Amino acid sequence: GVAPEWLDACGQEYRFFTRYVQGEISLEEAVRLTNTSLHQYVKRQYTWWRRHSDIHWIGSQDEALQIVKRFLDR
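Numbers given for residues are sequential positions, taken from 1 along each chain in its written order. Given that this is a predicted model, residues contribute local features only at a pLDDT of at least 70 and side-chain atom pairs are listed and counted only at 80 or more, while totals for whole chains, interfaces and linings are drawn from all residues. To obtain the side-chain values, all non-hydrogen atoms of the structure were included, while hydrogens and water were left out.

(A) Spatial organisation of a nonpolar patch on the surface. Candidates for patches are residues over 30% relative accessible area with no salt bridge; among them, like charges are joined within 9 Å and nonpolar side chains (Val, Leu, Ile, Met, Phe, Trp, Tyr) within 5 Å. Note that accessible areas follow from Shrake-Rupley with a 1.4 Å probe, and for residues the cover is restricted to the protein chains shown. Note on definitions: salt bridges are taken to be side-chain nitrogens of Lys or Arg within 4 Å of carboxyl oxygens of Asp or Glu. The grouping of Tyr41, Val42, Tyr46, Trp48, Trp49 and Trp57 at the surface amounts to a nonpolar patch, some 640 Å² of accessible area in total. Numbering of helices and strands starts at the N terminus; helices are DSSP runs of H or I of at least 4 residues and strands are runs of E of at least 2. By the secondary structure assignment, Tyr46 is in helix α3 (residues 27–50). Burial classes: relative accessible area under 20% of the type maximum marks a residue as buried, over 50% as exposed, and values in between as partly exposed (1.4 Å probe, protein chains only). The class of Tyr46 is partly exposed, set by a relative accessible area of 44%.

If you want it as structure tokens, here you go:
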């Protein structure tokens, strides 16, 4: 009972699997398109975050704990 246009706007996974359910593409194509779309989205996210030099990338749980402890000790 949900409009396909609404599902299309909900997210990448819904977009392609709605097309599959409607018979527009195969299941394999829906999976492939979803994986490709999500991979491209992740790349855009990383590119955006890398532009911000004030972000500290955390490499491990131990490093995260040290940073949090320093912050809380202020």
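(B) A look at the packing of aromatic side chains. Pairing of aromatic rings covers Phe, Tyr and the six-membered ring of Trp, with a centre-to-centre limit of 6.5 Å; geometry is then stacked below 30 degrees between planes, edge-to-face above 60, and tilted otherwise. A complete count under the given rule lists two aromatic pairs for this structure. An angle of 90° between the planes, with centres 4.8 Å apart, marks the rings of Trp48 and Trp49 as edge-to-face. Judged by relative accessible area, Trp49 falls into the partly exposed class, the value being 37%.

(C) Summary view of the pattern of salt bridges. A complete count under the given rule lists one salt bridge for this structure. In this structure, Arg32 engages Glu29 in a salt bridge whose closest nitrogen and oxygen atoms are separated by 2.8 Å. Of this pair, Arg32 and Glu29 are both found in helix α3, three residues apart, which corresponds to roughly one turn of the helix. Judged by relative accessible area, which is 28%, Glu29 ranks as partly exposed.

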